[in-house]
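# Observations on chain architecture
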Amino acid sequence: MATAANTTAGAAKDGAPSANALTPAKTLSGIVKQVLSGDTVVIRATKGAPPPEKQITFSHVLAPKLARRPGAGGDETKDEPWAWESREYLRKKLIGVEVTFTYDKPANSNREYGFVWVGKDKETGENVVESIVREGLVTVRREGRPTPEQQTLIELEDQARAANRGKWAHNVNAADKVRNIKWAHENPAHIVDIYGGKPVKAIIEHVRDGSTVRAFLLPDFHYITLMISGIRCPGVKLDADGKPDLSVKVPFADEARYYVETRLLQRDVEIRLESVNNSNFIGTILYPKGNIAESLLREGLAKCVDWSMAVMKTGADKLRAAERIAKEKRLRQWQDYQAKTPTFNSKEKDFTGTVIEVFNGDAINVRLANGQVKKVFFSSIRPPRDQRAVVGTDGEEIVKAPPRGKNYRPLYEIPHMFDAREFLRKKLINKKVQCNLDYISPLRDNFPEKHCYTVLIGGQNVAEAMVAKGLATCVRYRQDDDQRSSAYDQLIAAEQQAIKGLKGLHAKKDNATLRVNDLTVDHSRIKVQYLPSWQRALRTEAIVEFVASGSRLRLYVPKDSCLVTFLLAGISCPRSSRPALNGVPAQEGEPFGDEALTFTRERVLQRDVSVHIDTTDKAGSSVIGWLWTDQNVNLSVALVEEGLAEVHFSAEKSEYYRLLKSAEDRAKAAKKNIWANYVEQVPEEKVVIEEDKDEKLPVERKVNYENVIVTEITESLTFFAQSVDNGPKLETLMSKLHADFQANPPIAGSYTPKRGDLVAAQFTFDNQWYRAKVERIQGNNASVLYIDYGNKETLPTSRLAALPPAFSSEKPYATEYALALVALPADNEDKEEALRAFSDDVLNHKVQLNVELKVGGGPHLATLHDPTTKTDFGKQLVADGLVLVEKRRERRLKELLEQYRTAQDAALAAHLAIWKYGDITQDDTPEFR
């Protein structure tokens, strides 16, 4: 340390002997590193890293003693009154400040005593000892003959006493100036929960090493040992007894500790507690220049630590970025660093595409805009694995699981594998994703090279979502291994939350496998156990697991938990080519067979579909039926229309024969694919004599009342009604639909609706999802009809989504009818009055409905009746003079029509409503035309 001119200073007894015993005083300068109490400071030199230090005790004064923690060289003691205030006075005044000081060392003492002045010149600088005496925070020693310096201090103390300053104040309870320090914590995690991740004010009391400190949390004085989140600095080596071995010098350990001391020791900081490790706390320290962890990493004095980075609430990405800077500059710990990350070209690194297939929980196939298909592995995660494998602490398989039988299906037999695949399938199939390449895993152990990506959908990391649900685990890496996900810290944090929440793979209960009946192997139970119920069902929900050809698929039926081979009914599809497999030579396909295979794969592979099963093939090994895609398209018809299949004679007896035949005719006319060389034959003309359709209509009116609830009335006097008997079914359907969309909310803008589509629409009034049909598209808006209620509205297309197949098979619960035998008046005001009266009578009321006449191509004509009084609401509107009676000729309605005309004549005679000014129908006579 730099030495200036010598001066003399006096000292008192009890560690400050008389002036005759003093060695010559020295004057030096330095920076205050630490304040140990109200009368003792540690001053370091201005040069060196770390520089030399000197502890100076103020001459002639005595400060109250601070509390001592248990185990720190003795038993626990409490503060003497005003001890903390005197320490804080000096800390706030001196920490980090350059000072000038004099000191001398009595011959019979280990301490060095002296005076301290703020600044470089003691002649002009503030005398700190005099200042603290003036504030009444220390006691001046008065033994022996006072020196001039001591006499000055006595006079200042007398002035402080007279002014009631500090410890000399009469109106202050001394007990209030004693801290209640919490040295130990029985439940550290509870302390973390109390602060809830919010920054808390603190003072750093000790720096053990660059990444471990001790601090007081204010204002409650919790004394904690804190490990800085996300980093580890070089520290002192421990000997065999677990004690620090100072004889071993660890590179950069002293430099890291000094770096932290100069910025944090006894400084006001904020600490964000994030977790605990045994009795130590883990958290982030924020000082005026930011996060100290970032600074240490940027200087190469620390390295990122995955396990503690996982507990960080925010900022992990900034730590990685800071470490990356030090690596690139090869600073300190990274001086020998060699980057292991390969370089990628831009086309290989990042791309956007559509997911067309999901593998068993860890990879997907993505089709690019140019048609190229890439296999994408998720970075840094592992899917569920065979529980018979022996796994090491790093997550690697030490001993692989023994081989299974030939019919082993890992998708269903490994716990949570199916759940992981289903999560990805529902979230990604046919959706656009952004793929960012993180690293390429080289070929090893007969495993091919893997391109590993961070996959984003709607800005969300798919791998992170999987890990958060406990459907995958994180790969553990060596600390110097950079071959990892760019979002690795978020993955680790998500895994910690999944473990804490006991989700998926981390649940305590035994993970049972999915029991699947494989009917592709065991055909014997198809006809006896499954076929009858499938035939009775209108539609059965299924998942297409594999597509063998354009018309041959393997389905998984969740309701029955079975796999079955499914053949498309009504069509004959060209055979696709087959590669050589297990010694079987490759087979060449028929013309357009591979195109049919591709067509089917692109529309149904791993999609939710609905099927109606009619029968089995001759061998009873496969089922034959009709399949509808997730867009409610009949796949047999779609293949025929594309010219990739032809109608089979067996379709003639089916209800879809006309659709198939029409599609085939259109394909032939367009000469599509298999019909490219088709020459149309001119059919012979056939004379068809049409019978009088009117003669086929029944003569007598049939009355068959059905209890309904009218849910909507239109401006043209048609109405929508729900059958009361179907009420519970509708409520169940809506509950399942709402729950499905709450569990798997659609991504806004991911679905492009078309006119006529059956969709899910988010109703404006309650923001719930309902079944709807798109009636018109105008720009970014769509007009829809809610098919189960009959109401309409215009919505942004972002509030529409694809309707899951499980909800598309049931028919609409609301049916449109026209009010029989009546017509609205031409005048708009009269029309509004009639509609208002009709709404008051029937809307949202339980009434009885009778279909009077079935009309092709339009709503059936129906009458509505009061269940109690049997009032015919249509006839009542006529009797009230609100509507007119239609002119109809049907013989079956003749008697009812006469009743309506009688009611109309009575209203006309009474000049009611529209008849107020006479017969309005006279305007239709020839003389008024």
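Parameters at a glance
- Residues numbered from 1 in each chain as written.
- Predicted model: local features only at pLDDT ≥ 70, side-chain atom pairs only at ≥ 80, totals over all residues.
- Heavy atoms only, no water.
- UniProt positions renumbered as here; feature names shortened; annotations may be inferred.
- Pairing = 2+ DSSP bridges.
- Helix = DSSP H or I, 4+ residues; strand = E, 2+ residues; numbered from the N terminus.
- Axes fitted to C-alpha atoms, helices over the stretch in contact; angles between N-to-C directions.
- Buried < 20%, exposed > 50% of the residue type's maximum accessible area, 1.4 Å probe, protein only.
- Phe/Tyr/Trp six-rings, centres within 6.5 Å; stacked < 30°, edge-to-face > 60°.
- Contact = heavy atoms within 4.5 Å.
- Core = buried A, V, L, I, M, F, W, Y, C linked by side-chain atoms within 4.5 Å.
- pLDDT = per-residue confidence, 0-100.
- Expected span 1.5 Å × (residues − 1).
- Arc of directions from axis to C-beta.

The name recorded for the chain in an unreviewed UniProt entry is Staphylococcal nuclease domain-containing protein 1, from Drosophila virilis. Note on the chain: under the UniProt heading Subcellular location (unreviewed entry), the record states "Cytoplasm".

### Considering the sheet that holds strand E2 (residues 40-44)
Reading around the circumference, E1-E2-E3-E6-E5 is the order of the 5 strands in this closed barrel, with mixed pairing throughout. Taken over all neighbouring pairs, the strand axes of this sheet differ in orientation by 50° on average, direction set aside. Bridge count for E2 against strand E3 (residues 53-58) is 5 bridges, and the pairing is antiparallel. Considered in E3, the bridge of Val-41 is made with Ile-56.

### Observations concerning the pairing of strand E18 (residues 373-378)
Summarising the sheet, strand E17 (residues 363-367) and E18 pair through 5 bridges and their orientation is antiparallel. Of the residues in E18, the one forming a bridge with Asn-365 is Lys-375. Hairpin connection from E17 to E18: 5 residues lie between these consecutive antiparallel strands, with Gly-371 at a positive phi of about 95°.

### A short note on the environment of Ala-45
Take Ala-45: it is sitting in the loop between E2 and E3. Residue class for Ala-45 comes out buried when judged on its relative accessible area of 8%. Separated by 12 residues in sequence, Ala-45 and Lys-33 place their C-alpha atoms 9.4 Å apart.

### Structural notes on the packing of aromatic side chains
On inspection of all chains with the given rule, the structure shows 26 aromatic pairs. Centre to centre, the rings of Trp-84 and Phe-216 are 5.9 Å apart; their planes meet at 85°, and the pair counts as edge-to-face. Of the two residues, Trp-84 is situated in helix H1 (residues 83-94) and Phe-216 in strand E9 (residues 212-217); the sequence distance between them amounts to 132 residues. Classification of Trp-84 as buried rests on a relative accessible area of 10%. Taking relative accessible area as the criterion, Phe-216 reaches 4% and is therefore assigned buried. Residues Tyr-530 and Trp-534 carry aromatic rings whose centres are separated by 5.5 Å and whose planes lie at 25° to one another, so their mutual orientation is stacked.

### A look at the environment of Leu-502
Within the secondary structure layout, Leu-502 lies in the loop between helix H13 (488-500) and strand E26 (517-518). For the pair Leu-502 and Gly-470, spaced 32 residues apart in sequence, the C-alpha to C-alpha distance is 7.9 Å. Excluding residues within four positions of it along the chain, Leu-502 makes contact with Ala-507 and Lys-508.

### Focus on the sheet that holds strand E36 (residues 758-762)
Ordered in space as E39-E38-E37-E36-E40, the 5 strands form an open sheet in which the pairing is antiparallel. The sheet is open, and its two borders are formed by strand E39 (792-796) and strand E40 (800-802), each paired with just one other strand. This sheet shows a mean twist of 50° between the axes of neighbouring strands, independent of strand direction. Sitting on the sheet, helix H19 (residues 727-743) touches E36, strand E37 (769-778) and E40, and the angle it makes with E37 is about 75°.

### Some details on the nonpolar core
Within soluble globular proteins, side chains that are nonpolar tend to cluster in buried spots. Membership of the largest hydrophobic core comes to 42 residues, with the highest contact counts inside it found for Trp-534, Leu-555, Phe-566, Leu-627 and Leu-639. Considering every element that reaches this core, the biggest residue donor is helix H16 (residues 635-641), with 5 residues. Within the second largest apolar cluster, 40 residues are counted, among which are Val-358, Val-376, Leu-437 and Ile-440.

### Considerations on the confidence of the model for the chain
Of the residues in the chain, 90% have a pLDDT of 70 or more, and the chain-wide mean is 87. For residues 1-23, every residue scores under 50 in pLDDT, and the model assigns this stretch 58 contacts once sequence neighbours within four places are set aside. Taken together, the stretch residues 685-695 has pLDDT below 50 and engages in 3 contacts with residues farther than four places along the chain or on a different chain.

### Let's talk about helix H20 (residues 828-842)
Between its first and last C-alpha atoms H20 spans 21 Å; for 15 residues at 1.5 Å apiece the expected length is 21 Å, and the two agree. Those residues of H20 that fall on the buried side of the exposure criterion are Ala-834, Leu-835, Ala-837, Phe-838 and Val-842. Burial along H20 is one-sided: seen end-on, the buried residues are contained in an arc of 160°. Exposed residues lying more than 90 degrees from the buried face of H20 are Asn-828, Glu-829 and Asp-840.

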